[in-house]
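Spelled out, the chains give:
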Amino acid sequence: MLTAGDLEVNVLEFRQRSFQFQRLVTLEGREVALFSRTETESESRFRPKLIHLHLLVPPEWVVLDEPNDVLLLARDGTTLPVRLTEQVVEVGAERPEFDEQGIPFRRESGPSGSFVYAPAELADRWLTQSAYGALGIS
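The following paragraphs examine the structure supplied in this document. (Residues numbered from 1 in each chain as written. Predicted model: local features only at pLDDT ≥ 70, side-chain atom pairs only at ≥ 80, totals over all residues. Heavy atoms only, no water.)

1. Thoughts on the overall build of the chain
For step 1, the next point in the chain: A count of helical and extended segments in the chain gives three helices and nine strands.
For step 2, the next point in the chain: Written out in order from the N terminus, the α and β elements of the chain read α-β-β-β-β-β-β-β-β-β-α-α.
For step 3, the next point in the chain: Taken over the C-alpha trace, the chain has a radius of gyration of 14 Å; the compact-globule value for 138 residues is 14 Å, and the two agree within 12%.
For step 4, the next point in the chain: Judged by the C-alpha coordinates and their principal axes, the chain covers about 45 × 35 × 25 Å.
For step 5, the next point in the chain: Expressed as a percentage of its 138 residues, the buried residues of the chain come to 44%.
For step 6, the next point in the chain: Considering only intrachain contacts with a sequence separation of at least 6, the fraction spanning at least 24 residues in the chain is 47%.
For step 7, the next point in the chain: With the model as given, the accessible surface of the chain reaches about 7500 Å², and the carbon-plus-sulfur share is 47%.
For step 8, the next point in the chain: Considering the chain, the positive charge centre built from 14 side chains and the negative charge centre built from 22 side chains are found 7 Å apart. (Helix = DSSP H or I, 4+ residues; strand = E, 2+ residues; numbered from the N terminus. Rg over C-alpha atoms; globule rule 2.2 N^0.38 Å. Buried < 20%, exposed > 50% of the residue type's maximum accessible area, 1.4 Å probe, protein only. Contact = heavy atoms within 4.5 Å. Areas by Shrake-Rupley, 256 points an atom, 1.4 Å probe, with all protein chains shown as cover. Lys, Arg positive; Asp, Glu negative; His and termini not counted. Charge placed at Lys NZ, Arg CZ, Asp CG, Glu CD.)

Structure (structure tokens):
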């Protein structure tokens, strides 16, 4: 498993976007790695607003792809997934349930208009108001 220092100096590639590591938090007895990203809602809007994206994953699923200097997700924590290039879709147009690097994920609206992603198998516990408070997502 990577150290917090490894997570801090590398970005995680998720949904064809780069997410920055924020912190490790214990939630319901399990450690959670919180990654975040801020982007513009839509360039086609007259006054686009900033949206905040948060990604919650078990830290043992994060692996370093050293040749490409990027973090990726692997459920087994060791096997680097095949990196596929897909067209980037605006967050609001994404399906709420999808597979990323072979792992089922769910996306829900979070606090203050943000979006929060979590593995589907943990989403019922991690995509809740109490979890957002414990994670410091506001």
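2. Remarks on the environment of Val25
For step 1, the next point in the chain: By the secondary structure assignment, Val25 is in strand β2 (residues 17-27).
For step 2, the next point in the chain: Owing to a relative accessible area of 12%, Val25 belongs among the buried residues under this scheme.
For step 3, the next point in the chain: For the pair Val25 and Leu56, spaced 31 residues apart in sequence, the C-alpha to C-alpha distance is 9.9 Å.

3. Side note on the packing of aromatic side chains
For step 1, the next point in the chain: Applying the stated rule across the entire model yields eight aromatic pairs.
For step 2, the next point in the chain: Ring plane angle 65° and centroid distance 5.5 Å describe the contact between Phe21 and Phe35, whose orientation is recorded as edge-to-face. Taken together, the residues span a long stretch of sequence, with Phe21 in strand β2 and Phe35 in strand β3 (residues 30-40) at a distance of 14 residues. Here Phe21 and Phe35 have matching classes, each one buried.
For step 3, the next point in the chain: An aromatic cluster of three or more residues is present, and its members are Phe14, Phe19, Phe98, Phe105 and Tyr117.
For step 4, the next point in the chain: Across from the ring centre of Phe98, 3.8 Å away, lies the NZ or CZ of Arg15, which sits over that ring. (Phe/Tyr/Trp six-rings, centres within 6.5 Å; stacked < 30°, edge-to-face > 60°. Lys NZ or Arg CZ within 6 Å of the ring centre and 35° of its normal.)

On their own, these measurements won't tell you what the molecule is for.
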